[in-house]
Amino acid sequence: MASWGSRGRRLTLSDFIHALTGWALDSLDVPVVPVIDSREAQPGSIFFAFAGENVDGHSYVADALARGAAAAVVERDIPVLEGAEILDLTAPDAEPRSVHMPVVVRVRSVLEALQDAARWWREQLAVRIIGVTGSVGKTTTKEVVAKVLEQRYDVVRSQRSYNNELGLPLTLLSLGGPTGAEGPESEALRVVLEMGMYVPGDIRFLCDIARPHVGIVTNVESVHAEHAGTLDDIARAKRELIEALPSDGVAILNYDDGRVRAMAGYTDAAIFSYGLSPEADLWADDVEGLGLQGIRGRLHYRGEVVPIEAPLLGRHSIYAVLRGAAAGMVEGLAWDEIAEGLAAPGLQLRLVTVRGPHGCLIIDDTFNSSPPSAVAALDLLADLQGRKVAVLGDMLELGAYEREGHLEVGRRAAEVAEELVVVGARAQMISEGARNRGLSADHIRWAPDSDAAVAIVSDLLQPGDAVLVKGSHAVKMERIVRALTGLV
């Protein structure tokens, strides 16, 4: 992982030890960057040896140090490594006068040490934290917000899927920049952090580490309902971001989602609402899908009307546009800066297009699936030319919403697609919803898994088809795309 922030100081190994102990070890005053994969270690790395379900990082400490890492953080005894010093913080004696590198730092919990250090380091830097949460659209929103804010500020966004109790602290420890006393807030580094949740309390914990100034909530949907509970339970969990905002902060809330709109009553921060309703502070109309060219529409704010275009696929992406524009306005950007950020190339992330057999166009949206994201993808399919073919897999972790969620997707598929292929046991409920909405059984096919679906889809395709492939990650729908592109 690289260190971000173009000016000011970076985290040092001495800082890391000081955050955990209060000690000041000048001999360790060298900049470090955290890594959790020993293959990414290099001179200046600090390797955190996490013990995962399948891989134990303690087995790779020697590899990390051999690659030049300045330190490794462990939580159990490991064989003494030649040339490495052991610094045991689980039962420390008096502060050592000097410690040489490489050093193996023994702590009670690698994860807690990472989190405690990140909490301390975040307080040292002049940063403004923008937190993003919600059931659907967090990653796209994070990217759009970052692209907009980059028009004026130095910006860091969380990378990969770094949106949890491990990833968020890694992002914070990788920051570099001015300290709190080195300049006005207008020059502060802007940090856009995605905040995910699995169970209630997760976001509250992340906020305790990150201390966001601005909170953006996308929506409340039945994603991970199997673990998170009812929609009201999910709303309370997402609301933890808004409850954590300071009184001089800003909550950017989706006015069109009643559960999100209601979060305004749980904070002393200022409220900035967005949506398609003219009742919102910032709202959009005349939204038009341009197929693979993106979307366009008009934004309205206090009597101003601003036309915009963005290279985001599907009309549903107007919400990401609104969130990006709202964040820009909250952070003081002018309309021309906001429009330039929204039009920046590279905003579209997981959804990509490739060519398949007979020159058909395949929309590869196989990263994951949920009822709202599947319906949004079907809306994009509806905007494209050619015969529409929807290949839809199981959607997992919906809990009590499993049946209705699959039926909802099936109903929308019947309105959009001429041909429907469903993959997996749960996906048979998608076909039921499609039949109930009027799609003939002759145009619906079922495959037990993605491998079986390949033959069905490849036999079905014709020149000029537009094909959507989408399903939960566990269904391995990406195999269908790989197989079809391999036939070209």
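None of these values were measured; they are calculated from a predicted model.

## Let's talk about the sheet that holds strand E3 (residues 45–48)
At step 1: One open sheet holds the five strands; their spatial order is E2-E3-E4-E6-E5, and the pairing between them is parallel. On the outer flanks of this sheet lie strand E2 (33–35) and strand E5 (85–88), each paired with one strand and no other. For this sheet the average axis-to-axis angle between neighbouring strands, irrespective of direction, equals 25 degrees.
At step 2: Bridge analysis of strand E4 (residues 71–74) against strand E6 (residues 103–106) gives four bridges, and the strand direction is parallel. Bridge assignment links Ala 71 to a residue of E6, and that residue is Val 103.
At step 3: Contacts from helix H1 (residues 13–21) reach E3, E4, E5 and E6 within the one sheet, and its direction differs from that of E3 by about 40 degrees.

## Comments concerning the sheet that holds strand E15 (residues 295–301)
At step 1: Pairing in this open sheet of nine strands is mixed, and the strands run E8-E10-E7-E11-E12-E13-E14-E15-E16 from one edge to the other. Among the strands making up the open sheet, the edge pair consists of strand E8 (155–157) and strand E16 (304–310). Ignoring strand direction, the axes of neighbouring strands in this sheet form an average angle of 20 degrees.
At step 2: Taken together, the four bridges between strand E7 (residues 127–133) and strand E11 (residues 214–217) define a ladder with parallel strand orientation. Paired with Val 132 across the strands is Ile 216, a residue of E11.
At step 3: Where helix H11 (residues 335–342) meets the sheet, its contacts fall on strand E14 (282–289), E15 and E16, and the angle it forms with E16 comes to roughly 20 degrees.

## What about the pattern of salt bridges?
At step 1: Counted by the stated rule, this structure contains 37 salt bridges.
At step 2: When the shortest N-O distance is used, the salt bridge between Lys 142 and Glu 143 registers 3.7 Å.
At step 3: The closest approach of N and O atoms between Asp 286 and Arg 298, which form a salt bridge, is 3.1 Å. Here Asp 286 is found in strand E14, whereas its partner Arg 298 is found in strand E15, with twelve residues between them in sequence.
At step 4: Given the relative accessible area of 31%, Arg 298 is considered partly exposed.
At step 5: In this structure, a network of salt bridges that share partners links the residues Lys 142, Glu 143, Glu 150, Arg 157 and Glu 194.

## Focus on the packing of helix H6 (residues 202–210) against helix H8 (residues 231–243)
At step 1: Two elements in contact, H6 and H8, have axes whose closest approach is 7 Å; the angle formed by their N-to-C orientations is 20 degrees. With respect to H8, the axis of H6 lies roughly parallel. Seen from above, H6 lies across H8 with right-handed handedness. Across the interface between the two elements, Asp 202, Ile 203, Arg 204 and Cys 207 of H6 pack against Ala 237, Lys 238, Glu 240, Leu 241 and Glu 243 of H8.
At step 2: Split into classes, the residues belonging to the contact of H6 with H8 amount to four nonpolar, no polar and five charged.

Definitions and cut-offs
- Residues numbered from 1 in each chain as written.
- Predicted model: local features only at pLDDT ≥ 70, side-chain atom pairs only at ≥ 80, totals over all residues.
- Heavy atoms only, no water.
- Pairing = 2+ DSSP bridges.
- Helix = DSSP H or I, 4+ residues; strand = E, 2+ residues; numbered from the N terminus.
- Axes fitted to C-alpha atoms, helices over the stretch in contact; angles between N-to-C directions.
- Contact = heavy atoms within 4.5 Å.
- Salt bridge = Lys/Arg side-chain N within 4 Å of Asp/Glu carboxyl O.
- Buried < 20%, exposed > 50% of the residue type's maximum accessible area, 1.4 Å probe, protein only.
- Parallel < 35°, antiparallel > 145°, perpendicular 65-115°, else oblique.
- Left-handed = near helix turned anticlockwise from the far one by under 90°.
- Nonpolar A, V, L, I, M, F, W, Y, C, P; charged D, E, K, R; others polar.

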